[in-house]
Amino acid sequence: MQVNIAIAEGQMERALDQLAGISGGVPTAGARAINATLSKGATRARRAITDRYTVKKKDISAGITVRKASARTYADYVEGQIVARGGTLPLIRFQVSPKDPAKRRPRGGTRAKVLRSGSRKVIAHAFTARMRSGHVGVFLRVSGGSVYQSGKTGGRNIRRKFGRGRGRAGADFVGPCIIAGHSGLVARLPVVELRSPSIATMFRKSNPDLRPWLRTELTRQFADQLGKLLKRGRA
């Protein structure tokens, strides 16, 4: 998602009359005004997200960037953008309890709060774990099919039949177990990491009034930059 801002045509025409004696004055003032507005707008957008969601600023800052305007590319107008992009964030980046992997999984599941205005919700059977890569996240076992790995079940030689008539999905397996007739294989339900809405979605929902604010701020910044150039031209 991106938000574009540019100097309005009427403002540009008036500025050309004001700065008629200053070469390149209009695109310079326009680019400076747009870039100052974009910088403030991006800061405002990030703050709006962290005010609405329980995510930290450092986790979203890289996903909200500014494409600055340049007086050198001036043709009929000067333009810049605030861009929000990036995929979903791991749920662990929000308010989650427990935050750290535990030796024993909590019986009540994992508590999570994504919206600051909401309450903590219990996600049954979810758990916090550390992957072999070192990544810590909130995971949930799903019944979409078993993953078979060679290994042991931690010393317990448990034997069960496949999913009791549910086919090879293994929906009844809630932990590792030795497959009957295949003592070298361990069945585990696959895990999926729980994630949040995308940065672009959080940006859109948190900033419904960003465009009108940018237009107002850009008008102010452009007038300020024109005034500075006029003073320098008269000096």
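Coordinates for the structure precede this section.
A short tour of the structure in this document, coming up. Only a predicted model underlies this, so the values are computations on that prediction, with no experimental measurement involved.

What counts, and where the lines are drawn
Residues numbered from 1 in each chain as written. Predicted model: local features only at pLDDT ≥ 70, side-chain atom pairs only at ≥ 80, totals over all residues. Heavy atoms only, no water. Helix = DSSP H or I, 4+ residues; strand = E, 2+ residues; numbered from the N terminus. Buried < 20%, exposed > 50% of the residue type's maximum accessible area, 1.4 Å probe, protein only. Contact = heavy atoms within 4.5 Å. Areas by Shrake-Rupley, 256 points an atom, 1.4 Å probe, with all protein chains shown as cover. Pairing = 2+ DSSP bridges. Axes fitted to C-alpha atoms, helices over the stretch in contact; angles between N-to-C directions. Core = buried A, V, L, I, M, F, W, Y, C linked by side-chain atoms within 4.5 Å. Patch = residues over 30% accessible without salt bridge, like charges linked within 9 Å, V, L, I, M, F, W, Y side chains within 5 Å. Salt bridge = Lys/Arg side-chain N within 4 Å of Asp/Glu carboxyl O. Lys, Arg positive; Asp, Glu negative; His and termini not counted. Charge placed at Lys NZ, Arg CZ, Asp CG, Glu CD.

1. A few points about the overall build of the protein chain
Piece 1. Across its full length, the protein chain holds five helices and 15 strands.
Piece 2. The buried share of the protein chain, taken over its 235 residues, is 37%.
Piece 3. Within the protein chain, residue pairs in contact and separated by at least 24 positions form 65% of the contacts whose partners lie at least 6 positions apart.
Piece 4. For the protein chain, the accessible area works out to roughly 14,100 Å², and carbon and sulfur atoms hold 48% of it.

2. Considering the sheet that holds strand E1 (residues 2-6)
Piece 1. Read across the sheet, three strands follow the order E1-E3-E2 without closing on themselves; strand pairing throughout is antiparallel. Only two strands of the sheet have a single neighbouring strand rather than two, namely E1 and strand E2 (64-67). Averaged over all adjacent pairs, the angle separating strand axes in this sheet is 15°, with direction ignored.
Piece 2. Where E1 meets strand E3 (residues 79-84), five bridges bridge the pair, whose relative direction is antiparallel. Paired with Gln2 across the two strands is Val83, which belongs to E3.
Piece 3. Where helix H2 (residues 25-52) meets the sheet, its contacts fall on E1, E2 and E3, and the angle it forms with E3 comes to roughly 15°.
Piece 4. Sheet contacts for helix H4 (residues 199-206): E1, E2 and E3; angle to E3, the most-contacted strand, approximately 115°.

3. Some words on the nonpolar core
As a rule of thumb, nonpolar side chains are buried together in soluble globular proteins.
Piece 1. Within the largest apolar cluster, 31 residues are counted, with the highest numbers of intra-cluster contacts made by Ile34, Ile49, Met202 and Phe203.
Piece 2. Residue assignment for this core shows that the elements contributing at least two residues are E1, H2, E3, H4 and helix H5 (210-234).
Piece 3. Among all residues touching Phe203, those that are not within four sequence positions of it are Met1, Val3, Ala45, Ile49, Ile64, Ile82, Ala84 and Leu210.
Piece 4. In this structure, Val96, Ala126, Val136 and Leu194 belong to the second largest nonpolar core, which totals eight residues.

4. Some points on the pairing of strand E6 (residues 110-113)
Piece 1. Sheet topology places strand E5 (residues 95-97) next to E6; three bridges connect them, and they run antiparallel. In the strand pairing of E6, Ser97 is matched with Arg111.
Piece 2. Two strands pair when backbone bridges link them, and E6 and strand E7 (residues 121-123) are joined in this way by three bridges, in the antiparallel orientation. Each bridged residue has a counterpart across the sheet, and for Arg111 the counterpart in E7 is Val122.

5. Re a positive patch on the surface
Piece 1. Where like charges cluster on the molecular surface, the positive patch consists of Lys56, Lys58, Lys99, Arg111 and Arg120.
Piece 2. Position of Lys58 among the secondary structure elements: in helix H3 (residues 57-60).
Piece 3. Accessibility expressed as a relative area gives 66% for Lys58, which makes it exposed.

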